[in-house]
Amino acid sequence: MYVCLCQGVTDGQIRDAIYEGCCSYKEVRETLNVASNCGKCACLAKQVVRETLTELQTTQAALPYPAEFTVA
Ligand code: FES
């Protein structure tokens, strides 16, 4: 779904930006230029960022060992 019509940014692109290393709304905004024109999408963009970061933290907390650990 499109979050930012001015810049053509979707919720999937916001999630991907977070999976690729963005850790805050500010970083997502700098990376994708979301909410950089009219600003009407800022609330929804922040909500997608918040939900994705919470989801990631919950997933990582549920792992029995750190994600970078691999079993040979
Ligand atoms: S809809 Fe995102 S800046 Fe206008």
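Reference entry: report on the structure contained in this document. The structure displayed is predicted, hence computed values, not measured ones. The written sequence of each chain sets the order in which its residues are numbered from 1. This being a predicted model, a pLDDT of at least 70 is required before a residue's local features are given, and a value of 80 or more before pairs of side-chain atoms are given or counted; all residues contribute to the totals for chains, interfaces and linings.

1. Details of the overall build of the chain
Runs of H or I in DSSP of at least four residues are treated as helices and runs of E of at least two as strands, each being numbered from the N terminus. In terms of regular secondary structure, the chain is built from three helices and two strands. The order of α-helices and β-strands along the chain, N terminus first, is β-β-α-α-α. Whether a residue is buried, exposed or partly exposed is read from the other C-beta atoms within 10 Å of its own C-beta, which are placed from the backbone; 20 or more gives buried, 12 or fewer gives exposed, and intermediate counts give partly exposed. Across the 72 residues of the chain, 24% fall into the buried class. Residues are defined as contacting one another if the C-beta atoms placed from their backbone atoms lie within 7 Å. Here the analysis covers contacts within the chain between residues at least 6 apart in sequence; of these, 47% occur between residues at least 24 apart.

2. Some remarks on the nonpolar core
Remark: nonpolar core denotes a set of buried Ala, Val, Leu, Ile, Met, Phe, Trp, Tyr and Cys residues whose joining runs through C-beta atoms within 7 Å. Among the nonpolar cores identified, the biggest contains 16 residues, and Val3, Cys4, Ile14, Val28, Val34, Ala45 and Val49 are the most heavily contacted of them. Apart from residues lying up to four places away in sequence, Val49 is in contact with Ile14, Ile18, Tyr25 and Val28.

3. Some remarks on the packing of helix 1 (residues 11-19) against helix 2 (residues 25-32)
For helices, the fitted line uses only the C-alpha atoms of the stretch in contact; every axis is such a line through C-alpha atoms, and the angle between N-to-C directions lies from 0 to 180 degrees. Across the interface, helix 1 lies against helix 2 with an axial gap of 10 Å and an inter-helix angle of 115°. Taken together, the axis directions place helix 1 and helix 2 in an arrangement best described as roughly perpendicular. Of the two possible hands of crossing, helix 1 and helix 2 adopt the one that is right-handed. Taking contact as the criterion, the partners of Gln13, Ile14, Ala17 and Ile18 in helix 1 are, on helix 2, Val28, Thr31 and Leu32. Throughout this entry, Asp, Glu, Lys and Arg are counted as charged residues, while Ala, Val, Leu, Ile, Met, Phe, Trp, Tyr, Cys and Pro are counted as nonpolar. The remaining residues, Gly among them, count as polar. Considering only residue class, the contact of helix 1 with helix 2 consists of five nonpolar, two polar and no charged. Working definition: roughly parallel below 35 degrees, roughly antiparallel above 145 degrees, roughly perpendicular at 65 to 115 degrees, and oblique for all remaining angles. By convention the crossing between two helices is left-handed if the near helix lies anticlockwise of the far one by an angle smaller than a right angle, and right-handed if it lies clockwise.

4. Details of the environment of Val48
Positionally, Val48 belongs in helix 3 (residues 42-62). Put simply, Val48 and Thr10 are 38 residues apart on the chain and 9.9 Å apart in space, counted from C-alpha to C-alpha. Discounting chain neighbours no more than four positions away, the residues touching Val48 are Val3, Asp11 and Ile14.

5. Quick word on unusual backbone geometry
Even without being a glycine, Asn33 presents a positive backbone phi close to 65°. Position of Asn33 among the secondary structure elements: in the loop between helix 2 and helix 3. With a phi angle near 60°, Ala35 is a residue other than glycine that sits in the positive phi range. Relative to the elements of secondary structure, Ala35 occurs in the loop between helix 2 and helix 3.

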